[in-house]
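Working through the structure, step by step
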Amino acid sequence: NCLVNVVCVGVMPVDRIIRSRVPAEAQACDFDLILVGKPTDASGFGGVTFASEILDEDEKDRQLGAVQVHDPFLKNILITRKANRMVTEAAFRQGIPIGMKDLGGGGLACAASEICSAGGFGAEVHLDRVHVSMPDLPPEVIACGETQERFIFAVPPDFTPEVLRMYNEVWELPTAANGACARVVGRTTREPRFRLFFHGTVVCDAPIEEVTGGIVYDRKAEPIPFTGVDPGRDTPVPDPADTVHRLIKSLNICSRYPVYRHYDTEVQGMAVLRPGESDAGVMAPLELSEGSRAGLALAVDGNPFIGAVDPYWGGAVAVAEAMRNVVASGAIPRALTDCLCYGNPEKPGAFWQFTRGVQGIADAARRLWQIDTDGEPVPIVSGNVSFYNESALGQAIKPSPIVACVGTMGDYSAAMPQTVTASGSALYLIGQRRDELGGSAYFKEIFGVSGTQPVTVDWEQECCDMHAVAAAIRSGSVVACHDIADGGLAIALAEMVMTHRRPASLGLDIVLPPITIPVDRYLFSESGGFIIACPPDRASKLETVLTTNNAVYWRIGCVTDTGQMVIKHNNEKILELDVNVLLYDWFHGLQEASL
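Note that this is a predicted model, so its numbers are computed, not measured. (Residues numbered from 1 in each chain as written. Predicted model: local features only at pLDDT ≥ 70, side-chain atom pairs only at ≥ 80, totals over all residues. Heavy atoms only, no water.)

Enumeration over the complete set of coordinates arrives at 22 salt bridges. For Lys101, the salt bridge goes to Glu114, with nearest N and O atoms at 3.2 Å. Separated by 13 residues along the polypeptide, Lys101 in strand β2 (residues 99–102) and Glu114 in helix α5 (residues 107–118) bring together distant segments of the chain. Lys101 gets classed as buried once you look at its relative accessible area, which sits at 19%. (Salt bridge = Lys/Arg side-chain N within 4 Å of Asp/Glu carboxyl O. Helix = DSSP H or I, 4+ residues; strand = E, 2+ residues; numbered from the N terminus. Buried < 20%, exposed > 50% of the residue type's maximum accessible area, 1.4 Å probe, protein only.)

To continue, consider the packing of aromatic side chains. For the coordinates displayed, the defined rule picks out 13 aromatic pairs. Summarising the aromatic geometry, the rings of Phe354 and Phe387 are spaced 4.9 Å apart at their centres and angled 75° between planes, so their arrangement reads as edge-to-face. Here Phe354, found in helix α15 (residues 348–367), pairs with Phe387, found in the loop between β12 (380–386) and β13 (400–409); they are 33 residues apart in sequence, far enough to count as distant. Since its relative accessible area comes to 15%, Phe354 is described here as buried. Between the aromatic rings of Tyr428 and Tyr553, the centroid separation amounts to 6.3 Å while the plane-to-plane angle is 50°, which identifies the pairing as tilted. With Tyr428 in strand β14 (residues 426–430) and Tyr553 in strand β18 (residues 553–560), this residue pair connects regions lying 125 residues apart in the sequence. Judged by relative accessible area, Tyr428 falls into the buried class, the value being 0%. On the accessibility criterion, Tyr553 (23% relative accessible area) is partly exposed. An aromatic cluster of three or more residues is present, and its members are Tyr342, Phe351, Phe354 and Phe387. In this structure, Arg16 is placed above the aromatic ring of Phe92, and the distance from its NZ or CZ to the ring centre is 4.5 Å. Between Arg293 and the ring centre of Tyr412, over which it is positioned, the NZ or CZ distance is 4.7 Å. (Phe/Tyr/Trp six-rings, centres within 6.5 Å; stacked < 30°, edge-to-face > 60°. Lys NZ or Arg CZ within 6 Å of the ring centre and 35° of its normal.)

Here it is in structure tokens:
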């Protein structure tokens, strides 16, 4: 049951926002509805319902028809600063109010009803006017097919000829893709009804709010008893050095460089910190166009193993880690979005997992409030839900809320790498290590069990720690920062001296502070936190910032030039590793897993 989650982020001036609704000016004159792009076909018909079906090998041929067929060339013409931009800029230049929406799930029926309903209007759409690429398509396919590369515009009638000319003549859509064009397919109405016509016959007539309004379900939620176990008390504690080697090359921790090296991260020259260089991707989206040094950071997180132990903390920890990653990159978290992936909501247990996960996300957004505000929540600006993620045999995925966090920084030169670059830097641990290993990589990979106590979030302290690290970075006291997550403290330390760009020449000399839990659990607990590197001459300034912001922190060691990672506790060396050997394991983990 593999999941693929994708987030797209754009940057634009606030005075150039086009709403996905019919403008209020349509009260004085009905607006035209213009369908733009690829001709409608049967591809993608039932796509959104396919996304909410239980996958069955015996049904794969039928389900294949629900998959949309893309046309990258046409998409390039429409989207990449081209045809769509010409139309919208003409509207802004002439002061013409317009609405615009892309066609996604549910096709034309969904887009036309939503753009009109959002503005308080109704719609009349003539399906026989829709440009199609297949003969004899029934009206329901024309209305609901999810053919890609299509948009709908709501424009005043006197602007319509110019819109059609720009698409059909200037950009020559009919020659760019067989059958593509811009065509008037209907109009807005002041009566709030949604009507579809097909060759003069009404095939749909309903109150538009009934078409677009959400369906209210009265679902039953029942907790699922968790059957996980902890390692037995008589289970021998494995050698810490061997554990680090096993974890660093495990499937969920090893380097993703073999994947992302195939992709161009330099497109348009906006990348500041590339994949693998920081806890979040950082770009400078406005430098070339606006001369602005503003930076944008993006991180995506989610741990289904925590969700399996407790769905509430699965959602909350996903938010906390995504925000920590953005903070570690030097940015301030500004907004969240999510994709909530669960099993069949008609089953009380799956619906309970969903409601618990949503509550965890909501609580985290409220209680890990925005930096530089007086308790203002981090807004969740969008999101979607993927249900029915289970097989015909009833095997569902683990609760998997995937959370993306977007952050901003005033000057991208403050962007913070996760790896250290020079010996001598002091290392600080931020955040308390707790005996919370349920769903951890340590329990899963080393003992083959899930554990029972998941990672939780100490709301007040997490907030203080996160805000303190952000302040420390802005004070200029930090040269590298990395959050603690999968694999815990030991793995986070190792990741700070490894990079795929060069052989490992630096090492670490670490002395653990006084601890109250077993050493192995201290090293591999996935409780949230940070490790920051600071030049020795800025240590006093750093500690002042951390103390002022009520962070929990310890100075735990320094960066060395030995190429060895050494960890001591109570004057005893408990771990010594060759960083180049670790680097090999980390770099080749995916390759070995595929053998």
